[in-house]
Amino acid sequence: MRHTALATVCLAAAATIGLTGCQSGQDKADSKPDKAGSSTSSSPSPGKSAAKEAFAGLTGAEIADKAVEATTGASSLRMKGDVADDESGSTITIDMALNKQGECAGTMSMGGQGKADLIKVGDTVYMKYDEEFLREQSKGEKKSDVDAAVALLAGKWTKMSAKGEDAKDIAGFCDLDTVLGDADDAETDASRGKTTTVDGTPAIVLNERDGKERYTLYVATEGKPYLLRVDSVSAKDPGTLTFSDYDKKVPAQKPSGEILDLDALAG
């Protein structure tokens, strides 16, 4: 199936961490996001008409191409939001800074049940899970096994080799080139929408389709035309991803204190 250009940015990021959201149930390409798509702190607000001049004379597809070029050209960014996961039936919440050197730092959770911290520096992945996260992800396991895992891991930093089988998928998510890898090859049929702001940044709305799927995207109209936000407003799989902190240093460094070596424990 052909994916539209900016939607591919969302899909690539989602697929890397096992997400299958980013689909929209809008009936019209220029529909406004519903409450589910505008519940985050970066909810767009009406922008000034002058912002339209930034892309004067350009079609939605031409703006989308510029946004893809700028976004994939960034050395780093921060990705934050809630996206539906069809496999688990819950929502994955992420807040992660990552770069093209494969470094990352941030948090993730499933269905709002607990939190896991993630840092990748060099060839090492560091993770810390709270008790709620561990118990939620261990549902169906023997209580004694879950209790043992909680006693061993909860609230403690762990480390694994990024090249190991257990860490490969996580390590891939920390590489911005991997996350956005397919965006350059995607086509677009985006249409222009209204101007607005996202977290105070002037933006223009673009509407894209991929078959029955619908996406509402927000592109910066000042400075580089970075992608600022992707909305999915379908009743089944609502979700929002915001993109910020372009080209800023990723705060990834080895945690201080005691660190549990999971590779050593596995033998």
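Whatever comes next refers back to the structure up there.
Quick caveat: nothing in here was measured; it's all calculated off a predicted structure.

Participant: So what's going on with the overall build of the protein? Residues and values would help.
Facilitator: Helices and strands together make up the secondary structure of the protein, namely seven helices and 13 strands. Counting only residues that meet the buried cut, the protein has 48% of its 267 residues in that class. When contacts within the protein are restricted to residue pairs at least 6 apart in sequence, those whose partners lie at least 24 apart make up 61%. Summed over its atoms, the accessible surface of the protein is roughly 13,100 Å², and 48% of this surface lies on carbon and sulfur atoms.

Participant: Outline the side chain of threonine 71, supporting the account with residue identities and numerical values.
Facilitator: By the secondary structure assignment, threonine 71 is in helix 2 (residues 60–73). Given the relative accessible area of 1%, threonine 71 is considered buried.

Participant: Could you give me a rundown of helix 4 (residues 143–153), with the residues and numbers involved?
Facilitator: Among all positions in helix 4, only Val146, Val150 and Leu153 are buried. Along the axis of helix 4, the buried residues cluster in a sector spanning 90°; they form a single face. A positive backbone phi angle near 75° is found at glycine 155, which sits one or two residues after helix 4.

Participant: Quick one: what's the story with the pattern of salt bridges, residue by residue and with numbers?
Facilitator: Going through the model one piece at a time under the given rule, you end up with eleven salt bridges. Ionic pairing is found between lysine 100 and aspartate 177, a salt bridge with its closest N-O pair at 3.8 Å. Of this pair, lysine 100 sits in the loop between strand 3 (90–99) and strand 4 (104–110) while aspartate 177 sits in helix 6 (residues 176–179), placing them 77 residues apart in sequence. Measuring nitrogen to oxygen at the nearest pair gives 2.8 Å for the salt bridge that ties aspartate 231 to arginine 229. What makes aspartate 231 buried here is its relative accessible area of 0%. Among the charged side chains, a network of salt bridges with common partners joins Glu131, Arg135, Lys143 and Asp147.

Participant: A description of the layout of surface pockets should follow, citing residues and the corresponding values.
Facilitator: The calculated volume of the largest pocket comes to roughly 640 Å³. Lining the largest pocket we find 24 residues, and of these Met108, Met127, Tyr129, Phe133 and Ile170 sit closest to its centre. Taken together, the residues of the lining of the largest pocket sort by class into 18 nonpolar, four polar and two charged.

Participant: So what's going on with the packing of aromatic side chains? Which residues, and what values?
Facilitator: Within the structure shown, the criterion is met by two aromatic pairs. Aromatic side chains tyrosine 129 and phenylalanine 133 sit 5.8 Å apart centroid to centroid with 25° between the ring planes, which places their arrangement in the stacked category. The class for phenylalanine 133 is buried, based on a relative accessible area of 10%. A centroid spacing of 3.8 Å and a plane angle of 0° characterise the contact between tyrosine 226 and tyrosine 246, whose relative ring orientation is stacked. A residue pair is termed long-range when its members are at least 10 positions apart, and tyrosine 226 in the loop between strand 10 (213–220) and strand 11 (227–232) and tyrosine 246 in the loop between strand 12 (239–244) and strand 13 (259–261) qualify at 20 residues.

Participant: I'd like a rundown of the nonpolar core, residues and numbers included.
Facilitator: In this structure, Leu77, Leu118 and Phe243 are the most contacted members of the largest nonpolar core, which totals 40 residues. Ranked by residues supplied to this core, first place goes to strand 3 with four residues. In contact with leucine 118, not counting residues within four places along its chain, are Met96, Cys104, Ala105, Gly106, Met108, Val125, Tyr126, Met127, Ile170, Phe173 and Cys174.

Participant: Lay out unusual backbone geometry with the relevant residues and their values.
Facilitator: In this structure, aspartate 245 is a non-glycine residue whose phi angle is positive, near 50°. According to the relative accessible area criterion, aspartate 245 is partly exposed, its value standing at 30%. The backbone of aspartate 247 shows a phi angle near 60°, a positive value even though the residue is not glycine. Tracing the sequence through the fold places aspartate 247 in the loop between strand 12 and strand 13. The exposure class of aspartate 247 is partly exposed, given its relative accessible area of 37%.

Basis of the calculations
Residues numbered from 1 in each chain as written. Predicted model: local features only at pLDDT ≥ 70, side-chain atom pairs only at ≥ 80, totals over all residues. Heavy atoms only, no water. Helix = DSSP H or I, 4+ residues; strand = E, 2+ residues; numbered from the N terminus. Buried < 20%, exposed > 50% of the residue type's maximum accessible area, 1.4 Å probe, protein only. Contact = heavy atoms within 4.5 Å. Areas by Shrake-Rupley, 256 points an atom, 1.4 Å probe, with all protein chains shown as cover. Arc of directions from axis to C-beta. Salt bridge = Lys/Arg side-chain N within 4 Å of Asp/Glu carboxyl O. 1 Å grid on protein atoms, 1.4 Å probe; cavity = no way out; pocket = protein on both sides within 12 Å on 5 of 7 lines; lining within 4 Å. Points joined across faces, edges and corners; volume = space filled by probe spheres on them. Nonpolar A, V, L, I, M, F, W, Y, C, P; charged D, E, K, R; others polar. Phe/Tyr/Trp six-rings, centres within 6.5 Å; stacked < 30°, edge-to-face > 60°. Core = buried A, V, L, I, M, F, W, Y, C linked by side-chain atoms within 4.5 Å.

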